[in-house]
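Here is how the chains run, residue by residue.
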Amino acid sequence: MKKLGILIVALLAIYSNSFAQGTKSLVINEVLINNKTNFQDDFGLHQPWIELFNTSFATVDVRNCYMTCDKRVLDKSLSAPERAAMMYPIPKGDVLTSIPPRQHLLFWADGLPKRGNFHLNFKLDPNKENWIALYDGNAINLIDSITIPPLGVDSSYALAVDGIKEKGWVIFDSSMVTPST
């Protein structure tokens, strides 16, 4: 009986540790801003996209997280509701907001959130640097952010190895772009 108790405690510790990892295991993995002939959205349009990657070995749900390209959210004097008003809230209730272990999720930065949960309320400008951030559900804790340099048509800015920031960022030309893969 004592061994069973130890086993249960060990399993609970493993489960709670992987659950606690949660949104901290998410990274912005690849971004394509000037989309002319690359991946199409669910309306058949070529829109800018942002790919998130779950680095953990547990499923992570991004519902209630926020995405933004508005650097004003970095102002520490703003309250959580003020920050949240400047961001796109990833909606609850969509089973597709759960990212399986070591998998990707794509968002469209087209400024058209009425098109669905994965269409953000902001656009990216292909002619200048773009800052993108992912915030936790409290609209205060920054999970990840990246500044993307101006890129050519159908080129993306991506982590050299999925989810591993230490390997650095690279620019992929149109033949190397890998949305959701």
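Above this text is the structure in question.
Student: Mind showing me how you'd approach the overall build of the protein here?
Tutor: Broken down by element type, the protein carries 2 helices and 11 strands. Ordered by position from N to C terminus, the α and β elements of the protein give α-β-β-β-β-α-β-β-β-β-β-β-β. Taken across its 181 residues, the protein has 43% of its residues classed as buried. Summarising the internal contacts of the protein: among those between residues at least 6 apart in sequence, 61% fall at separations of at least 24. Accessible area of the protein: about 9,800 Å², with a carbon and sulfur share of 58%.

Student: Even after reading the chapter, I still don't get the packing of aromatic side chains, so can you show me in this structure?
Tutor: Given two aromatic rings, their pairing is described by the distance between the two centres and the angle made by the two planes. Counted by the stated rule, this structure contains 3 aromatic pairs. Pairing Phe39 with Trp108 gives two aromatic rings, centres 5.9 Å apart and planes at 10 degrees, and the pair type is stacked. Residue Phe39 is located in the loop between β1 (26-32) and β2 (49-54), and its partner Trp108 is located in strand β7 (residues 104-108); the two are separated by 69 residues in the primary sequence. Here Trp108 falls in the buried class, since its relative accessible area comes to 6%. With centroids separated by 5.3 Å and ring planes inclined at 50 degrees, the aromatic side chains of Phe107 and Phe118 adopt a geometry described as tilted. Here the residue Phe107 occupies a position in strand β7, and Phe118 occupies one in the loop between β7 and β8 (130-135), the gap between them amounting to 11 residues.

Student: Even after reading the chapter, I still don't get the side chain of Asp94, so can you show me in this structure?
Tutor: For Asp94, the location among the structural elements is in the loop between β5 (88-89) and β6 (98-99). Among buried charged residues, Asp94 stands out as having no salt bridge; its nearest opposite-charge side chain is Arg63, 9.7 Å away. A polar side-chain atom of Asp94 sits 2.8 Å from the main-chain amide nitrogen of Leu96. Within the structure, the side chain of Asp94 is placed 2.9 Å from the side chain of Asn117, a separation counted as a polar contact. Beyond its immediate stretch of four places on either side in the chain, Asp94 contacts Asn117 and Phe118.

Student: Can you help me understand unusual backbone geometry in this one?
Tutor: For residues other than glycine, phi is negative in most cases, and the peptide bonds are mostly trans. Although it is not a glycine, Ala139 adopts a positive phi angle of roughly 65 degrees. If you trace the backbone, Ala139 turns up in the loop between β8 and β9 (142-148). The backbone of Asp154 shows a phi angle near 60 degrees, a positive value even though the residue is not glycine. With respect to the helices, strands and loops of the structure, Asp154 is situated in the loop between β9 and β10 (156-159).

Student: What is the right way to read the environment of Leu106 from this model?
Tutor: Note that Leu106 resides in strand β7. Along the sequence, Leu106 and Asn29 sit 77 residues apart, while their C-alpha atoms lie 9.9 Å from each other. Not counting the four nearest positions on each side in its chain, Leu106 is found in contact with Phe39, Trp49, Ile50, Glu51, Phe118, Pro179 and Ser180.

Student: Just checking my understanding: could you explain the side chain of Asp70 for this structure?
Tutor: Along the chain, Asp70 turns up in the loop between β4 (66-68) and α2 (80-84). A polar side-chain atom of Asp70 sits 2.6 Å from a polar atom in the side chain of Arg72. Once you skip the residues sitting within four places of it in the chain, Asp70 turns out to touch Met86 and Trp131.

Student: What's the story with the nonpolar core in this structure? I'm lost.
Tutor: Inside soluble globular proteins, nonpolar side chains tend to come together where they are buried. If you look at the biggest cluster of nonpolar residues, it comprises 27 residues, and the most contacted ones within it are Ile50, Val62, Met67, Phe107 and Ile132. Beyond its immediate stretch of four places on either side in the chain, Ile50 contacts Ile28, Glu30, Val31, Met67, Leu105, Leu106, Phe107, Ala109, Leu120, Phe122, Leu124 and Ile132.

Student: Would you take a moment to explain the pattern of salt bridges for this structure?
Tutor: Close approach of charged atoms lets side chains of opposite charge pair. Under the criterion given, the structure shown has 3 salt bridges. Measuring nitrogen to oxygen at the nearest pair gives 3.6 Å for the salt bridge that ties Arg63 to Asp61.

Cut-offs applied
Residues numbered from 1 in each chain as written. Predicted model: local features only at pLDDT ≥ 70, side-chain atom pairs only at ≥ 80, totals over all residues. Heavy atoms only, no water. Helix = DSSP H or I, 4+ residues; strand = E, 2+ residues; numbered from the N terminus. Buried < 20%, exposed > 50% of the residue type's maximum accessible area, 1.4 Å probe, protein only. Contact = heavy atoms within 4.5 Å. Areas by Shrake-Rupley, 256 points an atom, 1.4 Å probe, with all protein chains shown as cover. Phe/Tyr/Trp six-rings, centres within 6.5 Å; stacked < 30°, edge-to-face > 60°. Lys, Arg positive; Asp, Glu negative; His and termini not counted. Salt bridge = Lys/Arg side-chain N within 4 Å of Asp/Glu carboxyl O. Polar contact = N/O pair within 3.5 Å; in protein donor to acceptor, adjacent residues only side chain to side chain. Core = buried A, V, L, I, M, F, W, Y, C linked by side-chain atoms within 4.5 Å.

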